[in-house]
Amino acid sequence: MNVQEEVKILAIESSCDETAAAVVINGRDVKSNIISSQIDIHTLYGGVVPEIASRKHIERINQVIARALDAAGMTLADMDAVAVTYGPGLVGALLVGVAEAKAIAYAAGLPLIGIHHIEGHISANYIENKELEPPFLCLVVSGGHTHLVRVKDYGVYEILGRTRDDAAGEAFDKVARAIGLGYPGGPKIEQVSHKGNPDAVAFPRAKVTGSEYDFSFSGLKSAVLNYLNSCQMKNIPVVQEDVAASFQKAVVDVLVGNAVHAIEAYGADKFAIAGGVASNQTFRESIRKACGQRGVRFYCPSPGLCTDNAAMIGAAAYYEYSAGRRDDWTLNAIPNLKLGERG
Ligand code: KG4
Ligand code: ZN
């Protein structure tokens, strides 16, 4: 490990529909965290439109970075490195951040560090939990990923399980659209679920044969669609709140079930969650309870650090920086980058 006392990193994130920049010291001390969300624009189309996302990133990224430096009371001259998400994500969106980070790092004579988006989500846990150190287990649940990960050390990951089809967040988004809630699905389903009965409709809890920790959500999504169709054919009114609450409970049961299974098999004493779906209160409370019952310390970022942001990229980048990792000017966006693999 490098023994430099204070490492200040300017971090940039643009993998999907948030243009974000942050200044983070030593991976845990967030000096600024600016997020410019495009949700209002993509809502008009019922989901993220990749070309629009790229264009909006281009329009906003300079200003977002300037605001992040301003809010931290610093300039580029104070930074030790520039970090950027280079995958996975939408290629055009990623490219905007990567090109920007390269230009800034080159002009300011700073090292450049490309960060894996999921490593960023996992590292969001370090920000508010100063005592958290690997090893621990982490369940990353976002719009593009559902990964059960063993964090063996900083930057060292073993994927125990992943989704075979839809990511959990993707299922939330698709079901929300089907029941007329629109985009973004996760927060909307959570909101109406408060008024619904989670036991109203018996949706399936899929087990993936042959892999203990893998997930599958496409069957659940189809079950919801089938239920809606059969209600329509039988002229039975659909209670949106009940469908939402029953679907949410089915997702949470599967996520918590696999988590508990891994906790027991690996004798884990620390368990963390990350990603946009981790901001869901029902999920947070269920998994917190399951951990508590087993004497496992539970960690979760506050909701604003679960969804996409650049502070988490700055947190991850500190440990990569300390391990001596640097990228050169050939760094490129890799839309399907695998966790633990350098592209
Ligand atoms: O991590 P994230 O911001 O972006 C990706 O890396 O994908 O996650 C976005 C996903 C979306 O699918 C969104 O519907 C879901 O997280 N999400 C939620 C909630 N907030 C966001 N899902 C369930 N409950 C929520 N409160
Ligand atoms: Zn994300």
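What counts, and at which threshold
- Residues numbered from 1 in each chain as written.
- Chains lettered and ligands numbered in written order.
- Predicted model: local features only at pLDDT ≥ 70, side-chain atom pairs only at ≥ 80, totals over all residues.
- Heavy atoms only, no water.
- Pairing = 2+ DSSP bridges.
- Helix = DSSP H or I, 4+ residues; strand = E, 2+ residues; numbered from the N terminus.
- Axes fitted to C-alpha atoms, helices over the stretch in contact; angles between N-to-C directions.
- Contact = heavy atoms within 4.5 Å.
- Phe/Tyr/Trp six-rings, centres within 6.5 Å; stacked < 30°, edge-to-face > 60°.
- Buried < 20%, exposed > 50% of the residue type's maximum accessible area, 1.4 Å probe, protein only.
- Donors = N, O, S within 2.8 Å, 3.2 Å for Na, K, Ca; no water.
- Near = heavy atom within 4 Å.
- Polar contact = N/O pair within 3.5 Å; in protein donor to acceptor, adjacent residues only side chain to side chain.
- Areas by Shrake-Rupley, 256 points an atom, 1.4 Å probe, with all protein chains shown as cover.
- Salt bridge = Lys/Arg side-chain N within 4 Å of Asp/Glu carboxyl O.

Draft legend 1. Examining the sheet that holds strand β9 (residues 270-274) more closely. Pairing within the open sheet is mixed, and its five strands lie in the order β8-β7-β6-β9-β10. Edge positions in the open sheet fall to β8 (156-162) and β10 (297-299), since each of these has one partner strand only. Ignoring strand direction, the axes of neighbouring strands in this sheet form an average angle of 25°. Pairing analysis gives six bridges linking strand β7 (residues 146-153) to β8, with the strands arranged antiparallel. Bridge assignment links V149 to a residue of β8, and that residue is I159. Each of β6 (136-141), β7, β8, β9 and β10 touches helix α4 (residues 117-128); the most contacted strand, β6, lies at about 120° to it. Set on the sheet, helix α8 (residues 240-266) makes contact with β6, β7, β8 and β9; between it and β6 the angle comes to about 165°.

Draft legend 2. Up close: the packing of aromatic side chains. Evaluation of the coordinates by the stated rule reveals ten aromatic pairs. Consider the rings of F203 and Y227, whose centres lie 5.9 Å apart with planes at 90°: the pair is edge-to-face. Placement of F203 in the loop between α6 (185-193) and α7 (218-233) and of Y227 in helix α7 is noted, with a sequence separation of 24 residues between them. Looking at F203, the relative accessible area reads 5%, which means it is buried. Measuring from centroid to centroid gives 4.9 Å for Y318 and Y319, while their planes differ by 80°, and the two rings are edge-to-face.

Draft legend 3. The arrangement of the coordination of the zinc ion (ligand 2) in detail. The zinc ion (ligand 2) binds to the protein through H117 (NE2), H121 (NE2) and D308 (OD), with metal-donor distances spanning 2.0 Å. Summarised as a motif, the one-chain spacing of the donors to the zinc ion (ligand 2) is H-x3-H-x186-D. Note that H117 and H121 are positioned in helix α4 at a spacing of four residues, about one turn of the helix. For H117, a relative accessible area of 6% corresponds to the buried category.

Draft legend 4. View of the site of ligand 1. Residues in close proximity to ligand 1 total 19 residues, the closest being G143, D173, G186, E190 and G276. Within the side chain of H117, an N or O atom sits 3.1 Å from an oxygen atom of ligand 1. Within the backbone of G144, a nitrogen or oxygen atom sits 3.4 Å from an oxygen atom of ligand 1. When ligand 1 is considered free in solution it has 550 Å² of accessible area, and contact with the protein chains removes 88% of it. Elements with a minimum of two residues in the shell around ligand 1: α4, α5 (168-178) and α6.

Draft legend 5. Layout of the side chain of N309. Within the secondary structure, N309 is located in the loop between α10 (303-306) and α11 (311-322). A polar contact of 3.1 Å, which involves the side chain of N309, links it to the backbone nitrogen of A311. Here M312 takes part through its backbone nitrogen, which lies 2.9 Å from a polar atom of the side chain of N309.

Draft legend 6. Examining the sheet that holds strand β2 (residues 18-25) more closely. The strand order across the open sheet built from five strands is β3-β2-β1-β4-β5, with neighbouring strands paired in mixed fashion. Of all the strands in the sheet, just β3 (29-37) and β5 (112-116) have a single pairing partner and so form its edges. Direction aside, the axes of adjacent strands within the sheet are offset by 20° on average. As judged from the five bridges shared by strand β4 (residues 81-87) and β5, these two strands associate in the parallel manner. Opposite A83, over in β5, you have I113 as the bridge partner.

Draft legend 7. Broad picture of the environment of I159. Here I159 lies in strand β8. Taking the C-alpha atoms as reference points, I159 and L137, separated by 22 residues in sequence, lie 9.8 Å from one another. Beyond its immediate stretch of four places on either side in the chain, I159 contacts H147, L148 and L339.

Draft legend 8. Layout of the environment of L94. Within the secondary structure layout, L94 lies in helix α3 (residues 91-108). Note: C-alpha distance between L94 and I334 (240 residues apart in sequence) is 8.0 Å. Beyond its immediate sequence surroundings of up to four residues, L94 is in contact with S14, S15, T85, Y86, G87, P88, G89, A333, I334 and P335.

Draft legend 9. Fine view of the pattern of salt bridges. What the rule picks out here adds up to 16 salt bridges. Here E158 makes a salt bridge to R150, at a shortest N to O gap of 2.9 Å. Residue E158 is classed as partly exposed on the basis of its relative accessible area of 26%. Of the charged contacts in the structure, one is a salt bridge between D166 and K174, with a shortest N-O distance of 3.3 Å. A residue is classified by how much of its surface remains accessible, and D166, at 7% relative accessible area, is buried.

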